[in-house]
Amino acid sequence: MSELVSKAEELDAADELAGLRERFVLDPGPGHAAGAAGVYLDGNSLGALPVTVPDRVADVVRRQWGELRIRSWEESGWWTAPERIGDRIAPLVGAAAGQIVVGDSTSVNVFKALVGAVRLAGDGRDEILVDATTFPTDGYIAESAARMTGRTLRPVAPAEVPGALSGRTAAVLLNHVDYRTGRLHDLPALTAAVHEAGAYAVWDLCHSAGALPVGLDEHGVDLAVGCTYKYLNGGPGAPAYLYVRREVQDRFDSPLPGWNSHAEPFGMRPAYAPAPGALRGRVGTPDILSMLALEAALEVWDGVPVEAVRAKSLALTDFFLECVAAYAAPGRVECLTPVAHAERGSQVALRCDDAEQVMRRLIERGVVGDFRAPDVLRFGFTPLYVGFADVERAARVLGEVLALADGRR
């Protein structure tokens, strides 16, 4: 135990991102008074609150809304917020400016992107492939999009996509990181395979954006969506985003045309004419309160290279696996997350038959992860504010909880 504690101290001392922790509202860490320590390993479900957000939201409510009222659409920049904030997100996913708009939920953006991809492919292609291991909502929306567009939907494991592609394939919807296991899928190779088949690639970045480099422009991704309340720390229910690659923007035909995406939004024309560029991904009136909270939250990324975040993420998850191996009885938990760095996101999923009860006891002791039915303990590692002492304590408490559970049997 002492060796791992010492190693954690050494790793924290060498951590170039350690100072970023001060940009967040967090419980005292393991180095503080006994009984006060908290370890938050659920940033892959809801990121921590950046310290700048409360005052910014207060200003939006009291001054921009309370005093300026409707003038804020121009004077406070409300009207341009979707694309302005999209440009703040763009570097985090490897995109140039002018290709991302923020708004709506991830689910709504999946629908827009997938139907838009099918329309880009044209009438000669009658099949949609969807990640068979996807987050359920993506599957539900893919099934609905297939019915609405008259296509056949085929669920396929990501590794099997290249062999499933054909001249029938219109679009492929994939998750960059598997939400349950933390497996990182090969975005460059899979996107290239989709393009070789003449189809369009749609990627869900919910569990990768803000945790690792994505490279949307570099790898030619056509369309992508993602949420902002996980690693981007935008807050509960924060608006999602839609990426439309510049080369397909003039042909992107959104299935949800709204007045906000009209070429003349205040012209109130009876006929729809899409705005130029990624703006045609907008739909209705932006959700300003949560959108501007997100804009404030994104300031924590100022000066932070995604590559450094990825390096720390891998170091954190490596150390966690090392500590779990030391503290948990052999065979008590099974790691579902790939060991290979090229196949690992920024979470660790452990399987054990009493996972729900174990997670409940972990949370009671200040180690917050989450449970995924039927038997998965899921721990998310947010490099901006999670340290190595956090990791060691989480694994040690896990070992103690497992031992206590075994003693009760």
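For the chain, an unreviewed UniProt entry supplies the name Kynureninase and the organism Streptomyces glaucus. Recorded in UniProt for the chain, the comment headed Sequence similarities (unreviewed entry) runs: "Belongs to the kynureninase family." As stated in UniProt under Cofactor (unreviewed entry), the record for the chain gives "pyridoxal 5'-phosphate".

Draft legend 1. Expanded view of the packing of helix α4 (residues 81-89) against helix α9 (residues 288-297). Where α4 contacts α9, the two axes come as close as 10 Å, and the packing angle between them is 25°. One element, α4, and the other, α9, form an angle in the roughly parallel class. In this structure, α4 meets α9 at a crossing whose hand is left-handed. Residues Ala81, Pro82, Arg84 and Ile85 of α4 pack against Met291, Leu292, Leu294 and Glu295 of α9. Looking at the contact of α4 with α9, its residues break down into six nonpolar, no polar and two charged.

Draft legend 2. Broad picture of the sheet that holds strand β10 (residues 241-244). Spatially, β4-β10-β9-β8-β7-β5-β6 is the arrangement adopted by the seven strands of the open sheet, whose pairing is mixed. Edge positions in the sheet fall to β4 (100-102) and β6 (152-156), since each has one partner strand and no second. Direction aside, neighbouring strands of the sheet carry axes that sit 15° apart on average. In the sheet, strand β8 (residues 200-204) pairs with strand β9 (residues 223-226) via three bridges, with the strands oriented parallel. Counterpart to Val202 in the pairing with β9 is Leu223. Running over the sheet, α4 touches β4 and β10 and is turned about 120° from β4. Sheet strands in contact with helix α6 (residues 136-149) are β5 (127-131), β6, β7 (169-175) and β8, and its direction is about 155° off that of β6.

Draft legend 3. Spotlight on the layout of surface pockets. There is about 230 Å³ of room inside the largest pocket. What lines the largest pocket is a set of 16 residues, among which Phe135, Cys206, His207, Tyr229 and Lys230 lie closest to the centre. Counting only elements with at least two residues in the lining of the largest pocket, the list comes to α5 (106-121) and α6. Split into classes, the residues belonging to the lining of the largest pocket amount to five nonpolar, six polar and five charged. The computed volume of the second largest pocket comes to approximately 180 Å³. What lines the second largest pocket is a set of 14 residues, and nearest its centre among them are Asp12, Ala18, Arg21, Gly387 and Asp390. Of the residues belonging to the lining of the second largest pocket, the class tally is eight nonpolar, one polar and five charged.

Draft legend 4. Structural view of the sheet that holds strand β14 (residues 370-372). A sheet is described by the order of its strands in space; here four strands give the open sequence β11-β12-β15-β14, paired in antiparallel fashion. Edge strands, defined here as strands with exactly one partner in the open sheet, are β11 (334-335) and β14. Here β11 runs beside strand β12 (residues 347-351); their pairing, made up of two bridges, is antiparallel. Following the sheet pairing, Cys335 is matched in β12 by Leu350. Of the strands in this sheet, β11, β12 and β15 (376-380) are in contact with helix α10 (residues 306-327), which crosses β12 at around 25°. Relative to the sheet, helix α11 (residues 355-364) contacts β14 and β15, its axis offset from that of β15 by approximately 40°.

Draft legend 5. Geometry of the UniProt feature "modified residue: N6-(pyridoxal phosphate)lysine" (unreviewed entry) in the chain. Using the residue numbers shown here, the UniProt feature "modified residue: N6-(pyridoxal phosphate)lysine" (unreviewed entry) corresponds to Lys230. Take Lys230: it is sitting in the loop between β9 and β10. In this structure, Lys230 is in contact with Gly43, Asn44, Ser45, Gly47, Cys206 and His207, ignoring residues within four places of it in sequence. A distance of 3.3 Å separates a polar side-chain atom of Lys230 from the backbone oxygen of Asn44.

Draft legend 6. Spatial organisation of the side chain of Asp390. Along the chain, Asp390 falls in helix α12 (residues 388-408). Overall, Asp390 belongs to the buried group, its relative accessible area being 4%. Within polar-contact distance, the side chain of Asp390 engages the backbone nitrogen of Gly387 at 2.7 Å.

Draft legend 7. Broad picture of α5. Spanning 16 residues, α5 covers 22 Å between terminal C-alpha atoms, matching the ideal 22 Å at 1.5 Å per step. Buried residues dominate α5, accounting for 13 of its 16 residues. Positioned one or two residues after α5, Gly122 has a phi angle of 90°, which is positive.

Rules behind the numbers
Residues numbered from 1 in each chain as written. Predicted model: local features only at pLDDT ≥ 70, side-chain atom pairs only at ≥ 80, totals over all residues. Heavy atoms only, no water. UniProt positions renumbered as here; feature names shortened; annotations may be inferred. Axes fitted to C-alpha atoms, helices over the stretch in contact; angles between N-to-C directions. Helix = DSSP H or I, 4+ residues; strand = E, 2+ residues; numbered from the N terminus. Parallel < 35°, antiparallel > 145°, perpendicular 65-115°, else oblique. Left-handed = near helix turned anticlockwise from the far one by under 90°. Contact = heavy atoms within 4.5 Å. Nonpolar A, V, L, I, M, F, W, Y, C, P; charged D, E, K, R; others polar. Pairing = 2+ DSSP bridges. 1 Å grid on protein atoms, 1.4 Å probe; cavity = no way out; pocket = protein on both sides within 12 Å on 5 of 7 lines; lining within 4 Å. Points joined across faces, edges and corners; volume = space filled by probe spheres on them. Polar contact = N/O pair within 3.5 Å; in protein donor to acceptor, adjacent residues only side chain to side chain. Buried < 20%, exposed > 50% of the residue type's maximum accessible area, 1.4 Å probe, protein only. Expected span 1.5 Å × (residues − 1).

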